[in-house]
Amino acid sequence: MANVEDNSLGNYLKNRRAKLDPAAFGIAPTRRRTPGLRREEVAQRANVSATWYTWLEQGRGGAPSADVLDQIACALELTPAEREHLFLLAQHRPPAVQYQEPEGVTPQLQRVLDSMEFSPAIVRTTAWDIVAWNHAAEAVLADYGAIAPEQRNILRLFFSHPRVRNKTLGWEKEARRVVGAFRSDAARSGGSERIAALVADMIQASPEFAEIWRDHDVLDYGEGAKHFHHGTGGPMTLEYSTFKVEGRPDLGLIIFTPATPTDADCIRSIIRDRP
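Rules of the game
Residues numbered from 1 in each chain as written. Predicted model: local features only at pLDDT ≥ 70, side-chain atom pairs only at ≥ 80, totals over all residues. Heavy atoms only, no water. Core = buried A, V, L, I, M, F, W, Y, C linked by side-chain atoms within 4.5 Å. Buried < 20%, exposed > 50% of the residue type's maximum accessible area, 1.4 Å probe, protein only. Helix = DSSP H or I, 4+ residues; strand = E, 2+ residues; numbered from the N terminus. Contact = heavy atoms within 4.5 Å. Pairing = 2+ DSSP bridges. Axes fitted to C-alpha atoms, helices over the stretch in contact; angles between N-to-C directions. Phe/Tyr/Trp six-rings, centres within 6.5 Å; stacked < 30°, edge-to-face > 60°. Lys NZ or Arg CZ within 6 Å of the ring centre and 35° of its normal.

(A) Layout of the nonpolar core. Among the nonpolar cores identified, the biggest contains 44 residues, and I122, L141, Y144, L155, F159 and F182 are the most heavily contacted of them. Among the elements that take part in this core, helix 10 (residues 171-187) stands out by supplying seven residues, more than any other. If near-sequence neighbours (up to four positions away) are discounted, F182 is found in contact with T126, A127, W128, L155, I195, L198, V199 and W213. Membership of the second largest hydrophobic core comes to 21 residues, among which are L9, V42, A43 and V48.

So, in C-alpha cells, the structure goes:
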C-alpha cells in the first residue's frame, strides 16, 4: 500500500467522498461509522468495480483513464475546478477541454473588457466564436454588434468579411498565421464535431482557406503584432496578447494594445469620432 503522505489521489477521493450526503442520493439513512458515501456506493455510481475503486483510494489501483476519471468526477459531483484537480493528481495533466456552446461572459468579465478604454479586447471560444468585446474593439476591429451571431467567428470574418479583410495589411501572411493558430487550438478544444463542421464550411466558402488548411501548419497564437489600415484612422500597429479565462478553459481573452504613441493617438481619434 502507498505511503499515506504520497497517496494524494486517494486522500483527495476519500475527502470528497466523505463530504457527500447519502440522503441527497436517495440512500436510506443508516448508522455509518464514517460520514459520506461508502466506497462501494461511489463505485456503483461511477460504474466501476468496488474492488478497483478501493485499490484506487489505497494508492494501488493503477493509472485510471480519462473516461474513468470523468465517471468518478460525476459520481462525486465534483465542480469543474475539483475535476481538473482530480486529473492533475491522477494523470499529472489537466483534462481535455470540454467544448461548450457559446453562452457569453459574466458581467464581471464584461466590466473588465469595458475598463480598457483604448485597448480593443475580445473573448473567443475554442471554436473562435466571438462572444464578448469592448467598445474599442467595436470601433477599431469590427462592428461585432451588427454582425449576425452565427457569422461572428474570427475565421469567417477574416476570410469572408470584406471590411475585416481589407483592414489587414499583409493579409496572406496573416491568414497563414491565423489558420495555423486555429489548428493548434482545435487540436485541444474538445469540440471535434463543432470544429469539423466549421472547417468544412470554411473550405466550401473560401478556396484560400482550403489551400492554407491543407498545408497543416501549426502555430502558437500567444502574442504578436497586427498591422491595420483603418478607414478613418489610417495605418496602425496593434500588439496582441492572449490569455485564458480562469474557470472557463473554453474561453480565451485577446487584448490589443497600441504599439506606439502614434498608434495610441490614432485609436483615441477613432473612438472619439465614433458615435
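(B) Main features of the sheet that holds strand 3 (residues 223-230). An order of 2-1-5-4-3 is seen for the five strands of this open sheet, with the pairing classed as antiparallel. In this open sheet, the two edge strands, each paired with only one partner strand, are strand 2 (130-133) and strand 3. Here the average twist between neighbouring strands, direction ignored, is 30°. Of the pairings in the sheet, the one linking strand 1 (residues 121-125) to strand 2 comprises three bridges and is antiparallel in character. Looking at the pairing, V123 lines up with A132 of strand 2.

(C) Molecular detail of the pairing of strand 5 (residues 248-258). When you tally the buried positions in strand 5, you get eight out of eleven residues, the bulk of the element. Note that strand 1 and strand 5 share five bridges and pair antiparallel. The partner of V123 across the bridge, within strand 5, is L253. Taken together, the eight bridges between strand 4 (residues 234-245) and strand 5 define a ladder with antiparallel strand orientation.

(D) Quick look at the packing of aromatic side chains. Scanning the model with the defined rule gives nine aromatic pairs in all. Taking 5.5 Å as the distance between ring centres and 50° as the angle between the ring planes, the aromatic pair formed by W133 and Y144 counts as tilted. Of this pair, W133 sits in strand 2 while Y144 sits in the loop between helix 7 (135-140) and helix 8 (154-160), placing them eleven residues apart in sequence. Side by side, W133 and Y144 carry an identical accessibility label, which is buried. With centroids separated by 5.3 Å and ring planes inclined at 80°, the aromatic side chains of F159 and W171 adopt a geometry described as edge-to-face. In this pair, F159 sits in helix 8 while W171 sits in helix 10, placing the two residues twelve residues apart along the sequence. Of the two residues, F159 and W171, neither departs from the other in class, the shared state being buried. These aromatic residues form a ring-pair network of at least three members: W128, F158, F159, W171, F182, F209 and W213. The lysine or arginine in question, R165, covers the ring of W171, its NZ or CZ lying 3.7 Å from the ring centre. Over the face of the ring belonging to F118 we find R268, whose NZ or CZ atom lies 5.1 Å from the ring centre.

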